[in-house]
Amino acid sequence: MKKVAVTMPGQQALFLELDQNRPLTGIVQDICDKWNLPNPDDFALQFSEKEAYITERNRADISNGNVLMLTDSSARSAQIIIDKLNKGSREDKIEALRVLSHKCVDQTFAKEFIDKGGLKMVVTHVSNSSKNFSGDPLMYLLKSFIALMDHGMIPWDLENEFIKEVASCVSGDKKVNDGIVRPALEILENVFMQCTDQSKVEAVDSFITTDKVIEHLTSSNNEVQQSALALINAMFMKSSPENKKKLSAAIQSKGFRANITKILEAPTGHDMAHELYRLQKLILNMYEDKMRTPVVHSNQTQVELVKKTIEELRRIAFDFSDPSDQSSSSAARKPDVNKDWKKLGFMNLTDPYRDFEHAPPGLLALENMIYFAQMHKETYIKVVLENCGRAPDQDCPFIQAAIKLTSILCDLLKIGELPNEDESSYYPMFFTTDKPLEEFFSTCINLVNRTWKEMRASKEDFEKVLSVVKEQITRALDRNQMPRTFEMFKQKLVVLAYPELRKIWEAERQKREESKAQAKPILELRAMLKPEIMDLIRRQRLTYLEGGTRFHKYDEKGNKVKNRYQYWRLAANHKAFSYGDCSDMESPALEELQHKVAIQEIKGLVTGADCAKLLKNAKIKLDQMLPFALVLEASRPDEEKFFFFNASSDQEAMIWEDGINALLNEP
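Residues numbered from 1 in each chain as written. Predicted model: local features only at pLDDT ≥ 70, side-chain atom pairs only at ≥ 80, totals over all residues. Heavy atoms only, no water.

Participant: If you had to explain the side chain of Gln-226 to someone new, which residues and values would you point to?
Facilitator: Within the secondary structure layout, Gln-226 lies in helix H11 (residues 222-238). We classify Gln-226 as buried; its relative accessible area is 17%. (Helix = DSSP H or I, 4+ residues; strand = E, 2+ residues; numbered from the N terminus. Buried < 20%, exposed > 50% of the residue type's maximum accessible area, 1.4 Å probe, protein only.)

Take a look at the structure:
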């Protein structure tokens, strides 16, 4: 039973105990009887807060204290709206469309409305909107259409006339406001993503150009921007190869990046972040073809192009002459070419192009290298020449490092994988350039060279160095502190230099150890073992005291006696200490020590700075010592009797203090 209130305009509220085992039709009949309402089948209950119909499927959501509302049933509501759209005045139709745009969200109503032909009516009105509806009524129609389709009852195979009319709302062919543009963008996105008929996708491509969609990124309405971005992403994924090329060129343009930068300047919600993530994923996936394309030995055209690129890498690094200058003969440099290949770090010195026969990373690695060499020429030459100046077994093979690094970057950025529908993390710095991966590579290959030097690596450390570099990059891309620009990324890499990374590893290791130490099973095991361990420590300490220790001798006032020592030993029965004078080299046996102090005579142990209370007249500096004292039972109240000791090490002090506490049954 659920205690609820039921309301209805013009009726006094009812307070009921709702039997959840009774059919809803019976409960509605009882309420209608109490309010003298005819035709109970025309009524249904709704949750008043969200105006959703209560059905046998969702009635379990009713809670004690809920306010329910008796209203027209979904079938009656749908029929009233359809009748107004068919026969009502223009004002009646507009009001019906407004109500429809709200009610369509409810699945129960949507099913009734679709079953009665309501969806076809909406499609017809949109298709003829140029003649009949504009402004708010058109917005209601488009919102209603999306809400009805979102329930998944009808496939997205739409008529071209409808698609064309919706596209005109986006292309600027008709004057519309943001309230119309946003649902129009959403409908077109769904045609791309949900439609099974490729001809419908092609229809959208023919009705609207990429430039027209991109224009909406400049809207002041964040929701319109988000919907435009979603449509761009959908077009990127589903358009024909020819249209994808046009879209790719548009996305790489400076104007498009400027629009994205403006969006990034404002706070972004989860949905906008997801669209930015999708866009970035699709941009990075443009590198997939090159990543999966190896050099094929039999493809002479491809081989020749690769050879030219490799030669350009060599020329920039070692030959500073202008390639267009024919005055210097290349033949004169030919004997050094193999040597140059080796310095650059090629594996195959006879046919260096064959180093790119493996994919991934395929030709993408070579593209990254030539970009780095041409666009960051000074840094490239510095990296190569620094390696040439190292001993043969300590140089970092640039080509091999670049190939491996490209694989690492492709792996970290998951190039080639489709966007994840639950992901919303993106890197703003990749939107700042038309060559995001190449710039990323150029920054990271410099990191490889720096880390190689910091680790003082040799060729056998190659994999180890690259694994460290991968971790440095991964940490610099931390989602909680995403670098917004490549400059910020470089600064983060400086902080993550190898010496600092080792400190971070050590701190994390200690934290893991501390965390493990506080785990419940460890704490339980420690509690179980503690008595045994404490007894073991006690016996170890007392055994040490039995072996004895030589201390500097101090007089009764606590002043050090120059060049005099005392040796103290604990008796095997642990009932007394024996002590006596000795030289700085002697370790007298127990029977050679003339004096004794019974354990029962010891009143307590004083350590550290507390010894100052005993040494009122002594001329010593306790802060430079490891002091402790045995305080004995005195024969008179005003008398203080003690033995003062200064340990030679922290360990010695701790062992004696533990041992004495054990003898006195102290912790």
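Participant: Mind laying out the pattern of salt bridges, listing which residues take part and the relevant values?
Facilitator: Pairing between side chains of opposite charge can happen when their charged atoms approach one another. Tallied over the entire structure, the rule returns 30 salt bridges. The residue Asp-581 makes a salt bridge to Arg-564 at a minimum N-O spacing of 3.0 Å. Of this pair, Asp-581 sits in strand S8 (residues 576-582) while Arg-564 sits in strand S7 (residues 560-570), and the two are 17 residues apart along the sequence. Using a relative accessible area of 38% as the deciding quantity, one classes Asp-581 as partly exposed. Sharing partners across several salt bridges, the network here consists of Arg-182, Glu-186 and Glu-223. (Salt bridge = Lys/Arg side-chain N within 4 Å of Asp/Glu carboxyl O.)

Participant: Could you give an account of the nonpolar core, naming the residues involved and the relevant values?
Facilitator: Among the nonpolar cores identified, the biggest contains 77 residues, and Phe-113, Phe-145, Leu-188, Val-213, Leu-217 and Ile-260 are the most heavily contacted of them. Among the elements that take part in this core, helix H6 (residues 135-149) stands out by supplying 10 residues, more than any other. Formed by 68 residues, the second largest nonpolar core is a distinct cluster that contains Val-306, Ala-401, Met-455 and Val-468. (Core = buried A, V, L, I, M, F, W, Y, C linked by side-chain atoms within 4.5 Å.)

Participant: Account for helix H5 (residues 118-127), naming residues and giving values.
Facilitator: With 8 of 10 residues buried, H5 is to be regarded as a mostly interior element. On its buried face, H5 is in contact with helix H2 (74-87), helix H3 (90-103), helix H4 (107-115), H6 and helix H7 (160-171). (Contact = heavy atoms within 4.5 Å.)

Participant: How would you explain the sheet that holds strand S4 (residues 52-53) if you had to name every residue and give the values?
Facilitator: A sheet is described by the order of its strands in space; here 5 strands give the open sequence S2-S1-S5-S3-S4, paired in mixed fashion. In this open sheet, the two edge strands, each paired with only one partner strand, are strand S2 (14-18) and S4. In the sheet, strand S1 (residues 2-7) pairs with strand S5 (residues 67-72) via 3 bridges, with the strands oriented parallel. Directly across from Thr-7, in S5, lies its bridge partner Met-69. Contacts between helix H1 (residues 24-34) and the sheet are confined to S1, S2, strand S3 (43-47) and S5, with S3 contributing the most and set at about 105 degrees to the helix. (Pairing = 2+ DSSP bridges. Axes fitted to C-alpha atoms, helices over the stretch in contact; angles between N-to-C directions.)

Participant: Tell me about empty space enclosed by the protein, and please be specific about residues and values.
Facilitator: Regions of empty space are outlined by a rolling probe, equal in size to a water molecule, passed over the atoms. The tally for this structure, following the rule as stated, stands at 1 cavity of 30 Å³ or more. Of the volumes computed, that of the largest cavity is approximately 40 Å³. Lining the largest cavity, in full, are Val-383, Asn-387, Cys-396, Phe-398, Ala-401, Ile-445, Val-448 and Asn-449. The greatest single-element share of the lining of the largest cavity, amounting to 3 residues, is contributed by helix H21 (residues 436-454). (1 Å grid on protein atoms, 1.4 Å probe; cavity = no way out; pocket = protein on both sides within 12 Å on 5 of 7 lines; lining within 4 Å. Points joined across faces, edges and corners; volume = space filled by probe spheres on them.)

Participant: Pulling in residues and values, what's your account of the packing of H7 against helix H8 (residues 178-194)?
Facilitator: Axis separation between H7 and H8 bottoms out at 8 Å; the angle between their running directions is 130 degrees. Considering their axes alone, H7 and H8 lie oblique with respect to each other. Both H7 and H8 take part in a crossing whose hand is left-handed. On the side of H7, the interface is formed by Phe-162, Ile-163, Val-166, Ala-167, Cys-169 and Val-170, while H8 contributes Ile-180, Val-181, Ala-184, Leu-185, Ile-187, Leu-188 and Val-191. Counted by class, the contact of H7 with H8 contains 13 nonpolar, no polar and no charged residues. (Parallel < 35°, antiparallel > 145°, perpendicular 65-115°, else oblique. Left-handed = near helix turned anticlockwise from the far one by under 90°. Nonpolar A, V, L, I, M, F, W, Y, C, P; charged D, E, K, R; others polar.)

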